Amino acid sequence: TQCVSGCVCPHNQVLDGKGGCIAPEDCPCVHNGNSYSPGESIRVGCNNCTCRNRKWHCSQEPCLETCSVYGDGHYTTFDGKRFDFEGDCEYVLVQNYCGQQAMNQGTFRVITENVPCGTTGTTCSKSIKVFLGVNIFFNDGHSDVIQRTPGGKMPFQIRSMGIYLVVDTTVGLILMWDKKTSIFIKLSPSFQGHVCGLCGNYDGNGNNDFTTRSQSVVGNVLEFANSWKVSSSCPNANRTKDPCTANPYRKAWAQKQCSIITSEVFAKCHSQVEPNEYYQACVDDACACDTGGDCECFCTAVAAYAQACNELDICISWRTPSICRKFQPTSF
């Protein structure tokens, strides 16, 4: 009806959100709030996704999912459910001996033992046992292999990769251990829905990961985790601790140190891996390690976030000579 003052794009072009005009086919794709130009690729799980004509086009490779345990009892299941649990016992992390029908048909079991590492009753996963026909024990930074039946080809290979010892097995399981408190277990998709333990059932649904040894789905983390004790003579864990309440004098230091996770150092990972839960786990661990090794607890917590970023091919160079240096100086 009348002229209105303003700016419009020429015919067949659209606003790009930055004050310019572009052809519709040049519009970006969006992932986790970030915009990507046509032709740019990102990593989602083990697949590559490329932006073309405003849509993501992704490869369809089956991915190995990861269960992680680190620091003061921080767990993330194969289906992405996070929980904290501290118990002074041996626990089944993952096995494929599940249900009555599969009791004698399993091929592997991974057990971890929690060892106290602070005056508040803090426990950290430090001892690992892997059973797959051959028994492999990890403790105090070393591995021991006990062959059950003499002769035959070993169903695994142990190698070093950076700070990790890596166990590659022939059954579709990969275990990474930092020789301290962090464990990462990767399983092939062939095990989906056929495993159990503290790492969950790997069926793509995190809501039913709290499945007890008796195959009951519960809502209480203590009931779930206590059911996976290896020995019934161990006491049940009966409460979740708050280390910063027990050690309030450490809280400010812990928050300052752990803020590196939410800082610009990890900025390019924030949209891919939610940092706040890792930050809070870091603060808890830094408060809890009050008998020495406090820096180690902090470093392990930050390294866990860095590893989660690395899983998505986002490599962060965060270690410095003053922050969790990777190599100790040589003394002369």
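Up top is the structure these notes are about.
Analysis parameters
- Residues numbered from 1 in each chain as written.
- Predicted model: local features only at pLDDT ≥ 70, side-chain atom pairs only at ≥ 80, totals over all residues.
- Heavy atoms only, no water.
- Disulfide = S-S within 2.5 Å.
- Helix = DSSP H or I, 4+ residues; strand = E, 2+ residues; numbered from the N terminus.
- Buried < 20%, exposed > 50% of the residue type's maximum accessible area, 1.4 Å probe, protein only.
- Pairing = 2+ DSSP bridges.
- Axes fitted to C-alpha atoms, helices over the stretch in contact; angles between N-to-C directions.
- Parallel < 35°, antiparallel > 145°, perpendicular 65-115°, else oblique.
- Left-handed = near helix turned anticlockwise from the far one by under 90°.
- Contact = heavy atoms within 4.5 Å.
- Nonpolar A, V, L, I, M, F, W, Y, C, P; charged D, E, K, R; others polar.

## Some thoughts on the state of the cysteines
Under the defined criterion, the tally for this structure stands at 11 disulfides. Each sulfur in the disulfide pair Cys 98 and Cys 196 lies 2.1 Å from the other. Measuring the twist about the S-S bond at about -100 degrees, one finds the Cys 98-Cys 196 disulfide to be left-handed. One end of the pair, Cys 98, is in the loop between strand S11 (90–95) and strand S12 (109–116); the other, Cys 196, is in the loop between strand S19 (183–187) and helix H1 (221–226), with 98 residues separating them in the sequence. One disulfide in the model links Cys 258 with Cys 282; its S-S distance is 2.0 Å. When the S-S torsion is -80 degrees, as for the bridge of Cys 258 with Cys 282, the disulfide is left-handed. With Cys 258 in helix H3 (residues 251–258) and Cys 282 in helix H5 (residues 276–288), this pair connects stretches of sequence that are 24 residues apart. Looking at Cys 258, the relative accessible area reads 0%, which means it is buried. Take Cys 7: it sits in no disulfide, and the sulfur closest to it among the cysteines is that of Cys 21, at 8.6 Å. For Cys 7, a relative accessible area of 78% translates into the label exposed.

## What about the sheet that holds strand S6 (residues 47–52)?
Note on sheets: strands pair through backbone hydrogen bonds, and any given pair is parallel or antiparallel. Read across the sheet, three strands follow the order S5-S6-S7 without closing on themselves; strand pairing throughout is antiparallel. Of all strands in the sheet, those bounded by a partner on one side alone are strand S5 (41–44) and strand S7 (55–58). Along the sheet, successive strands turn relative to each other by an average axial angle of 35 degrees, direction set aside. Pairing of S5 with S6 involves four bridges; the strand directions are antiparallel. Bridge assignment links Arg 43 to a residue of S6, and that residue is Asn 48.

## Quick notes on unusual backbone geometry
Phi is positive for Asn 53, which is not a glycine, with a value near 55 degrees. Relative to the helices and strands, Asn 53 resides in the loop between S6 and S7. A positive phi angle, near 70 degrees, is found at Lys 179, a position not held by glycine. For Lys 179, a relative accessible area of 37% translates into the label partly exposed.

## Some words on the packing of H3 against H5
Helix-helix packing: each pair is described by the crossing angle between the helix axes and the interaxial distance. Across the interface, H3 lies against H5 with an axial gap of 8 Å and an inter-helix angle of 140 degrees. Classed by the angle they form, the pair H3 and H5 counts as oblique. For H3 against H5, the interelement crossing comes out right-handed. Within the contact between the two elements, H3 uses Lys 251, Trp 253, Ala 254, Gln 255 and Cys 258 and H5 uses Tyr 279, Cys 282, Val 283, Ala 286 and Cys 287. Residue composition of the contact of H3 with H5, by class: eight nonpolar, one polar and one charged.

Taken by themselves, the reported measurements are silent on function.
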